[in-house]
Amino acid sequence: MPDSENPATPVTFPPAFLWGAATSAYQIEGAVREDGRTPSIWDTFSHTPGKTAGGDHGDIAVDHYHRYRDDVALMAELGLGAYRFSVSWSRVQPTGRGPAVQKGLDFYRRLVDELLSKGVKPAVTLYHWDLPQELEDAGGWPERDTAYRFAEYAQIVGEALGDRVEQWMTLNEPWCSAFLGYASGVHAPGRTDPAASLRAAHHLNLAHGLGASALRSVMPARNTVAVSLNSAVVRPLSQDPADLAAARKIDDLASGVFHGPMLHGAYPESLYVATASLTDWDHVLDGDLALINQPLDALGLNYYTPTLVSAADPKAKGPRADGHGSSDHSPWPAADDVAFHQTPGDRTEMDWTIDPTGLHELIMRYTREAPGLPLYITENGAAYDDKIDSDGRVHDPERVAYLHGHLSAVRRAITDGADVRGYFLWSLLDNFEWAYGYGKRFGAVYVDYATLERTPKTSARWYGRAARTGTLPEVSAV
């Protein structure tokens, strides 16, 4: 019986397993006009009426820019071994080109020093969706030059922090940047051009390759370079050939479009065929695939819920149930012949089905896809409608059960031969959840948005015990 089905069975992890939590810059930092920072696409998008729930934005967020010492102390108190955070490109290089702003870099230097002083390992993500607005004004990710600007930025940050930060990730979830940003428009910059989204995907791949090379040119050889992908776990509704073809098409658009060139130096041929109505892929220049296919030291996997698809019924009408926001425009270029279905089971506040088997499936897929490459779960977590009780505590047993189930799935994958080195809970803090504003709480730590007071939830204490002992506490131990 799998451990997630038998919580009484102790689930123990290898001694070197890394227990961390993750955040991103725009979601938590605030201080959007301080120390030389200029607007990113998310500043512009969130201040555009109708783009975010309630008109919410990240101007203050949870004020991590000023409260980072308290937040690091909280990490240490909980027993976390690592903290994955992203760097704000427009805080470091405000126009997306040219020299760095030292005050911006100094914030990250102070953050890294504080983490190291508390025994928490820093892990840096260079890009978590917040492109400098000036680069978007010049064309954004659909323009090739943006990839070269990213490489310059990567070199700047690598030079500043590479002596103290050993774990690096180039991009976080480039699928969201390309397809939610440029196809469906539910993320910044809010464009709805499917052909441009495919160009954006390629230039994000190119940015990864160029950025990885730039990092390695300025950092000690001991440092590791990775990327975090939200590759989908795509399941067909049936074994009908039409449903299997639909699943293949979505898998290419969700996963193969990135891991193909990054891991194997080639896009799937079936992707070229499926998108031929939109592009002839002439933006892929000679030598690009070799530039993208840089050797990786690890691969980050982000997982929340599986994707269930079938061939579309031309007569059926209704919203697209793909879990990626509401828009009249699809984030799936040239896939109007595919229907999305909600998988059965309990759901989180995001209306995402809870299914730890999908995480196990994802890990084992990449164990086969990239044999010998260490894996990290760089995001996994759940949003719930958390409240402070009359006793001043935040009890979230649903999140504890979610974490137990998914961490048990990670442990089963290790038993099955996967080289999973660590897990980063999403998220450390309640924060600005992109177009959902402040209405969705993913944090292990509750944030009162009026006072910005932090209160560790039951799940934070539970996860901290797991991090300190390397063994999952019982679900009832909350």
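- In the nomenclature of an unreviewed UniProt entry, the protein is known as Beta-glucosidase of Streptomyces olindensis.
- Taken from UniProt, the Sequence similarities (unreviewed entry) comment for the protein reads in full: "Belongs to the glycosyl hydrolase 1 family."
- The UniProt entry for the protein carries the following text under Catalytic activity (unreviewed entry): "Hydrolysis of terminal, non-reducing beta-D-glucosyl residues with release of beta-D-glucose."

**Brief notes about the layout of surface pockets**
Thinking step 1. Size it by volume and the largest pocket reaches roughly 1,000 Å³.
Thinking step 2. Lining of the largest pocket is provided by 46 residues; of these, Asp322, Gly323, His324, Gly325 and Trp352 occupy positions nearest its centre.
Thinking step 3. Of all the elements, helix H8 (residues 174-182) adds the most residues to the lining of the largest pocket, at 3 residues.
Thinking step 4. For the lining of the largest pocket, a count of residues per class yields 23 nonpolar, 17 polar and 6 charged.
Thinking step 5. The space that makes up the second largest pocket amounts to roughly 630 Å³.
Thinking step 6. What lines the second largest pocket is a set of 28 residues, and nearest its centre among them are Gly318, Arg320, Asp336, Val338 and Ala339.
Thinking step 7. Contributions of two or more residues to the lining of the second largest pocket are made by strand E9 (307-311) and strand E10 (338-341).
Thinking step 8. Here the lining of the second largest pocket gets 4 residues from one element, more than from any other, and that element is E10.
Thinking step 9. The residue makeup of the lining of the second largest pocket, split by class, is 16 nonpolar, 7 polar and 5 charged.

**Observations regarding the UniProt feature "active site" (unreviewed entry) in the protein**
Thinking step 1. Per the UniProt annotation, the sites labelled "active site" (unreviewed entry) are Glu379.
Thinking step 2. Position of Glu379 among the secondary structure elements: in strand E11 (residues 375-379).
Thinking step 3. Under the relative-accessibility criterion, Glu379 is labelled buried at 4%.
Thinking step 4. Apart from residues no more than four positions distant in its own chain, Glu379 is found in contact with Arg84, His128, Asn172, Glu173, Leu301, Asn302, Tyr303, Tyr304, Phe424 and Trp426.

Conventions adopted
- Residues numbered from 1 in each chain as written.
- Predicted model: local features only at pLDDT ≥ 70, side-chain atom pairs only at ≥ 80, totals over all residues.
- Heavy atoms only, no water.
- UniProt positions renumbered as here; feature names shortened; annotations may be inferred.
- 1 Å grid on protein atoms, 1.4 Å probe; cavity = no way out; pocket = protein on both sides within 12 Å on 5 of 7 lines; lining within 4 Å.
- Points joined across faces, edges and corners; volume = space filled by probe spheres on them.
- Helix = DSSP H or I, 4+ residues; strand = E, 2+ residues; numbered from the N terminus.
- Nonpolar A, V, L, I, M, F, W, Y, C, P; charged D, E, K, R; others polar.
- Buried < 20%, exposed > 50% of the residue type's maximum accessible area, 1.4 Å probe, protein only.
- Contact = heavy atoms within 4.5 Å.

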